[in-house]
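Results of the structural survey
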Amino acid sequence: MAAAQRLLSRPYRAPTAAFRVRTEDGVVLSGSRLGEGGPPLILCHGFLGWHRKRRVVDFAERLARRFTVYAFDFRGHGDSGGVCTYGDLEVLDVAAVAALARAESGADPVTVGISMGGTAVLRHAALRGGVRAVVAISAPARWDGHGSVAMRRILRLSGTRSGRAVARAVGYRLSDAWDPPATPEEVVDRISPVPLIVVHGLDDHVFDVDEALRLYDRAEEPKRLMLCARFGHAEDGLSASFAERIAARILDVIEE
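Now for a description of the structure that goes with this document. Remember, it's a predicted structure, so these values are computed and weren't measured experimentally.

Description of the overall build of the protein
When its secondary structure is counted, the protein shows nine helices and eight strands. The buried share of the protein, reckoned over its 256 residues, is 57%. Within the protein, residue pairs in contact and separated by at least 24 positions form 73% of the contacts whose partners lie at least 6 positions apart. Total accessible area computed for the protein in this model is approximately 10,800 Å², and 49% of it derives from carbon and sulfur atoms.

Here we look at the pairing of strand 1 (residues 16-22)
With seven bridges connecting them, strand 1 and strand 2 (residues 28-34) associate as antiparallel partners. Counted as the bridge partner of Arg 22 is Val 28 from strand 2. Between the antiparallel neighbours strand 1 and strand 2 lie five residues, among them Gly 26 with a positive phi of about 90 degrees.

With respect to the pattern of salt bridges
Considering all chains together, one arrives at 14 salt bridges under this definition. Taking the shortest distance from any N to any O, the salt bridge between Glu 61 and Arg 10 comes out at 2.6 Å. Of this pair, Glu 61 sits in helix 2 (residues 54-63) while Arg 10 sits in the loop between helix 1 (3-7) and strand 1; the two residues are 51 residues apart in sequence, bridging distant segments of the chain. The residues Glu 61 and Arg 10 share a single accessibility class, namely buried. Between Arg 214 and Glu 185 there is a salt bridge, and its shortest N-O distance comes to 2.9 Å.

What to know about the nonpolar core
Generally speaking, a soluble globular protein has its nonpolar side chains buried in company with each other. Formed by 44 residues in total, the largest nonpolar core has its most connected members in Phe 72, Val 97, Leu 122, Val 134, Leu 174, Ile 191 and Leu 196. For this core, the secondary structure elements donating two or more residues are strand 1, strand 3 (40-44), strand 4 (68-72), helix 3 (90-105), helix 4 (116-127), strand 6 (133-137), strand 7 (196-201) and helix 8 (210-218). Core analysis: the second largest hydrophobic core is formed by 34 residues, Val 56, Phe 59, Leu 63 and Phe 242 among them.

Points about the packing of helix 2 against helix 9 (residues 240-255)
For the pair helix 2 and helix 9, the least separation of the axes is 9 Å and the interaxial angle reads 40 degrees. Between helix 2 and helix 9, the angle falls in the class oblique. Both helix 2 and helix 9 take part in a crossing whose hand is right-handed. Contacts between helix 2 and helix 9 involve Phe 59, Arg 62 and Leu 63 from the former and Ala 240, Phe 242, Ala 243, Ile 246 and Ala 247 from the latter. Broken down by class, the residue content of the contact of helix 2 with helix 9 amounts to seven nonpolar, no polar and one charged.

Topic: the sheet that holds strand 2
Strands sit in the order 1-2-4-3-5-6-7-8 across an open sheet of eight strands; the sheet is mixed. Among the strands making up the open sheet, the edge pair consists of strand 1 and strand 8 (223-228). Pairwise comparison of adjacent strand axes, ignoring direction, gives a mean angle of 20 degrees for this sheet. Across five bridges, strand 5 (residues 110-114) lies against strand 6 in parallel orientation. Bridging from a neighbouring strand, Gly 113 pairs with Ala 136 of strand 6. Where helix 8 meets the sheet, it contacts strand 7 and strand 8, and its direction lies at approximately 170 degrees from that of strand 8.

Points about the pairing of strand 4
Within strand 4, five of the five residues are buried, which leaves the element mostly enclosed by the surrounding structure. By the alternation rule, side chains of strand 4 split into Thr 68, Tyr 70 and Phe 72 and Val 69 and Ala 71, which are all buried. Taken together, the four bridges between strand 2 and strand 4 define a ladder with antiparallel strand orientation. Across the sheet, residue Ser 32 finds its bridge partner in strand 4, namely Ala 71. In this fold, the crossover linking strand 3 to strand 4 by way of helix 2 has right-handed handedness.

Quick notes on unusual backbone geometry
With an omega of 15 degrees, the peptide bond running from Ser 192 to Pro 193 counts as cis. Examined against the element boundaries, Pro 193 turns out to sit in the loop between helix 7 (184-187) and strand 7. Note that the residue after Glu 221, namely Pro 222, is joined by a cis bond; omega there is 0 degrees. When you line up the elements, Pro 222 lands in the loop between helix 8 and strand 8. Unusually for a residue other than glycine, Arg 230 sits at a positive phi of about 50 degrees. For Arg 230, the location among the structural elements is in the loop between strand 8 and helix 9. According to the relative accessible area criterion, Arg 230 is exposed, its value standing at 77%.

Criteria and thresholds
Residues numbered from 1 in each chain as written. Predicted model: local features only at pLDDT ≥ 70, side-chain atom pairs only at ≥ 80, totals over all residues. Heavy atoms only, no water. Helix = DSSP H or I, 4+ residues; strand = E, 2+ residues; numbered from the N terminus. Buried < 20%, exposed > 50% of the residue type's maximum accessible area, 1.4 Å probe, protein only. Contact = heavy atoms within 4.5 Å. Areas by Shrake-Rupley, 256 points an atom, 1.4 Å probe, with all protein chains shown as cover. Pairing = 2+ DSSP bridges. Salt bridge = Lys/Arg side-chain N within 4 Å of Asp/Glu carboxyl O. Core = buried A, V, L, I, M, F, W, Y, C linked by side-chain atoms within 4.5 Å. Axes fitted to C-alpha atoms, helices over the stretch in contact; angles between N-to-C directions. Parallel < 35°, antiparallel > 145°, perpendicular 65-115°, else oblique. Left-handed = near helix turned anticlockwise from the far one by under 90°. Nonpolar A, V, L, I, M, F, W, Y, C, P; charged D, E, K, R; others polar. Right-handed = clockwise from strand over helix to strand, strands pointing away.

Have a look at this one:
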């Protein structure tokens, strides 16, 4: 982990156990398990995030009051190996942590993904299955078609040699060759009959709310849509009150 990331991290206050898993394609991922006794839940951070980033830690600790949370660093991020592929091979990352959670708990996990993590959990559930419920927070339905200022900045970072060099200097390893796979909206209907919860901020400054509507419209039942005012994008909305709301909503859908 780069020095800048360490400065923006904080340790978990709740008891944790570090874990490392290897993906099908040989990437070693680092993570932390916290909470005991509740259903297993995999928490997947967004692009340029990591599992000990302060807001992610706060959110994980609140979820750990009701779940056994497996938080980890995606490939190319934090203390994990490999190179970020923007939600493509990250499906293998979710699969590796899901296998660990399933082995330790004896139950299929819930997957919760934020932004890029949302695309990963959507595609994982659709293509691999083996989950109890899926929550996609601030996730895009498509790879392109986003005209926001924030998205243009992300594309300059990931799509240019100089941008990727800057990213590497602060601790991120980004792929320089990407063949876009099927989009989340093209496969989201395959998640059924697993419950799906789509969460999006009405004021999201990266992905327009239409992305959530596209995902929800193309998904099959059971599905729920949460459109939130004053939520922002991704980690912006991970407040204590939202943690309580989403935890209750997850428990509702897995107990139905």
